[in-house]
Amino acid sequence: MSSNAPEIVAVTEVHPLPDGEVRLLGAVRQVTGAMTRVDTGGRRILVDCGVAQGREQMEFPEAARDAEALVLTHGHLDHIGNVPTLLERGWDGPIYGTQATLEIASLSLEDSLGMQGASERESERLLARFRKLAHAVPYGERVPLFDLGLTLHEAGHILGSASAEIVSDASRVILSGDIGRPDSPILRDPNTVWSPGRPVDVVVMESTYGAREHAHSHDDIERDLEAVLKQAIADKAKVLVPAFAIGRTQTLLYFLDALVEARRIPEVPVMIDTPMGLAVTKTYKRFRRLFDKESLAKLARGDDPLDFADLFAVERGRDSRKLRDVEGPMVIIAGSGMCTGGRIVGHLREGLPSARTTVLFVGYQAEGTPGRRIQEAAKRGGKVRVDGEEVVVRARVATLRGLSAHADRKELHAWLGSIPGVRRVALHHGDVEAQTAFASWASGPRSA
Ligand SMILES: [Zn+2]
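Residues numbered from 1 in each chain as written. Predicted model: local features only at pLDDT ≥ 70, side-chain atom pairs only at ≥ 80, totals over all residues. Heavy atoms only, no water.

K.L.:
Would you mind going over the packing of helix 3 (residues 99-115) against helix 7 (residues 275-286) in detail, with residue names and values included?
P.N.:
Between helix 3 and helix 7, the least distance of the axes is 10 Å, while the angle of their chain directions is 175 degrees. In terms of orientation, helix 3 lies roughly antiparallel with respect to helix 7. On the side of helix 3, the interface is formed by Glu 103, Ile 104, Leu 107, Ser 108 and Asp 111, while helix 7 contributes Met 276, Ala 279, Val 280, Thr 283, Tyr 284 and Arg 286. The class makeup of the residues in the contact of helix 3 with helix 7 is 6 nonpolar, 2 polar and 3 charged. (Axes fitted to C-alpha atoms, helices over the stretch in contact; angles between N-to-C directions. Helix = DSSP H or I, 4+ residues; strand = E, 2+ residues; numbered from the N terminus. Parallel < 35°, antiparallel > 145°, perpendicular 65-115°, else oblique. Contact = heavy atoms within 4.5 Å. Nonpolar A, V, L, I, M, F, W, Y, C, P; charged D, E, K, R; others polar.)

K.L.:
How would you summarise the packing of helix 6 (residues 248-261) against helix 8 (residues 293-300) if you had to cite specific residues and measurements?
P.N.:
Closest axis-to-axis distance for the helix 6/helix 8 pair is 13 Å, and the angle between their directions is 50 degrees. For the element pair helix 6 / helix 8, the angle class is oblique. Both helix 6 and helix 8 take part in a crossing whose hand is left-handed. Here helix 6 contributes Tyr 254, Asp 257 and Ala 258 to the contact with helix 8, which in turn contributes Glu 294, Ser 295 and Lys 298. Residue composition of the contact of helix 6 with helix 8, grouped by class: 2 nonpolar, 1 polar and 3 charged. (Left-handed = near helix turned anticlockwise from the far one by under 90°.)

K.L.:
Can you explain the sheet that holds strand 12 (residues 172-175)? Please cite residues and give values.
P.N.:
Within the open sheet, the 7 strands sit side by side as 1-22-13-12-11-10-9. Their pairing is mixed. Only two strands of the sheet have a single partner each, and these edge strands are strand 1 (7-9) and strand 9 (143-145). Put simply, the sheet's adjacent strands are angled 25 degrees from each other on average, direction ignored. Note that strand 1 and strand 22 (residues 422-428) share 3 bridges and pair parallel. Directly across from Val 9, in strand 22, lies its bridge partner Ala 426. (Pairing = 2+ DSSP bridges.)

K.L.:
Tell me about the packing of aromatic side chains, residues and numbers included.
P.N.:
Within this structure, the stated rule accounts for 3 aromatic pairs. Their ring planes at 85 degrees and their centres at 5.9 Å tell us that Trp 194 and Trp 415 sit as a pair that is edge-to-face. Remark: Trp 415 occurs in helix 12 (residues 409-417) and Trp 194 occurs in the loop between strand 12 and strand 13 (200-206); sequence separation between them is 221 residues. Accessibility expressed as a relative area gives 8% for Trp 194, which makes it buried. Exposure remark for Trp 415: the relative accessible area of 3% places this residue in the buried category. Each ring, one from Phe 438 and one from Trp 441, has its centre 6.0 Å from the other, and the planes form 40 degrees; the classification is tilted. On the criterion of helical spacing, the pair formed by Phe 438 and Trp 441 is a turn pair, its members being 3 residues apart in helix 13 (residues 432-443). The ring of Tyr 254 carries Lys 298 above its face, with NZ or CZ at 4.5 Å from the centroid. (Phe/Tyr/Trp six-rings, centres within 6.5 Å; stacked < 30°, edge-to-face > 60°. Buried < 20%, exposed > 50% of the residue type's maximum accessible area, 1.4 Å probe, protein only. Lys NZ or Arg CZ within 6 Å of the ring centre and 35° of its normal.)

K.L.:
Account for the coordination of the zinc ion, with residues named and values stated.
P.N.:
The reference angle at a metal is 109.5 degrees if four donors form a tetrahedron and 90 or 180 degrees if six donors form an octahedron. Distances from the zinc ion to its protein donors, namely His 74 (NE2), His 76 (ND1), His 157 (NE2) and Asp 178 (OD), fall within the range 2.2 to 2.3 Å. Taken together, the 4 donor atoms coordinating the zinc ion span angles of 89 to 172 degrees at the metal, a pattern that classifies the geometry as irregular. In primary-sequence terms, the residues that donate to the zinc ion follow H-x1-H-x80-H-x20-D. With His 76 in the loop between strand 6 (69-71) and helix 1 (77-80) and His 157 in the loop between strand 10 (148-154) and strand 11 (162-167), the pair connects residues that are 81 residues apart, well separated along the chain. His 76 gets classed as buried once you look at its relative accessible area, which sits at 18%. (Donors = N, O, S within 2.8 Å, 3.2 Å for Na, K, Ca; no water. Tetrahedral: all angles 85-135°; square planar, octahedral: opposite > 155°, others 65-115°.)

K.L.:
Run through the sheet that holds strand 15 (residues 270-272), naming residues and quoting values.
P.N.:
Strand order in the open sheet made by the 6 strands is 16-15-17-14-18-21, with parallel pairing throughout. Each edge of the open sheet carries a strand with a single partner, namely strand 16 (311-313) and strand 21 (396-399). The average undirected angle you get between the axes of adjacent strands in this sheet is 20 degrees. For strand 15 and strand 16, the ladder comprises 3 bridges, and the chain directions are parallel. The residue bridging Val 270 from the neighbouring strand is Leu 311, located in strand 16.

K.L.:
Residues and numbers for the pairing of strand 12, please.
P.N.:
Burial along strand 12 is two-sided: the face carrying Arg 172 and Ile 174 and the face carrying Val 173 and Leu 175 are both buried. Here 4 bridges tie strand 11 to strand 12, and the two strands are oriented antiparallel to one another. Opposite Ile 166, over in strand 12, you have Val 173 as the bridge partner. Following strand 11, the chain reverses through 4 residues before pairing antiparallel with strand 12. Sheet topology note: the strand 12/strand 13 ladder contains 3 bridges and is parallel. Each residue of the ladder has a partner; that of Val 173, found in strand 13, is Val 202.

What follows is the structure, given as structure tokens:
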């Protein structure tokens, strides 16, 4: 280990700066609820304003209300879900993010306000204020943030995602946001080109997979998806895919498009049965200028990577219910990703008792969620409670691995290594085990 290697610090709230401090207000010992205050150059900047999700919890930190501006790294709720709480009592500072992030955030907040039972009027009033305070920042351009400088760099996690760099006269801070995997479908790779010169006092860095390495390649994913679909089509089965609307749905469409265009699977109708997923997919298409080279090349050849002949949009709830009476084979993509709500629940209640159903999980199912219970019931053959009803699981249950939108520990380490002159790394956005494992692995001698 060289003497100028950064100090990597896990599960710690406060990190000093030459002219202030970085304070983690959320996601200190857990994955969700990202919220960090950067006090520098006499200013107080909040980066992300997320909610805790699943079994994780947090209280809204009062120190957030004191911030003079808010920077959003991307539109996932664990980074923006507390924006309404911030705005409720009249907070009216500027909100910065890439244009795509501000649009996805707006969709995502609208959806979550609706789920929490806010009236349409309340919801619209809040969103109007959000849009009024929002300032779009282009990637890679240093813009003034009061008398500080703010630069948003590509993070490759979902459309619009960014790492934030904040510079004062005396300090330089980089906040990773969520970092995607290099070579992810559709998205450009996370930025690894930084301006040299000033050392970086603190890097705040996510560590979701700080203790893991992903083993699956694109080819593995395509092959696994192909096998599940071929079997289901041969059985005339319905394939139910619980998928999150932002990011995962579009990644899945990309892989389906690749299989369809290469004629590796027989023709089968694919239904996007999620209004939120449809809206976000439209946003992806509108911002296609942000796609990676591979997807831009597909577009140039006339192949939209998020569209194919047998893809159908299911907007209305009654059309969704109608699908339950239609015979397979077909693929239905619906939210939510862990089956905690949304249209997938009705499809599961109907489909789980039938051997002519395949449930295809495309993401991690957290403990205690219906998704996890379905995976477990499929192994031991049993019943599961869905939407208040006990149903027998006779369906085939498969899990597609390798679709993570988060860098693994090697990829995190490579990203960190691309930043010159880092003095201190503040880990967050990972459970305690992942943070401590990453800190010791990245500080110690490593093979490869
Ligand atoms: Zn995220």
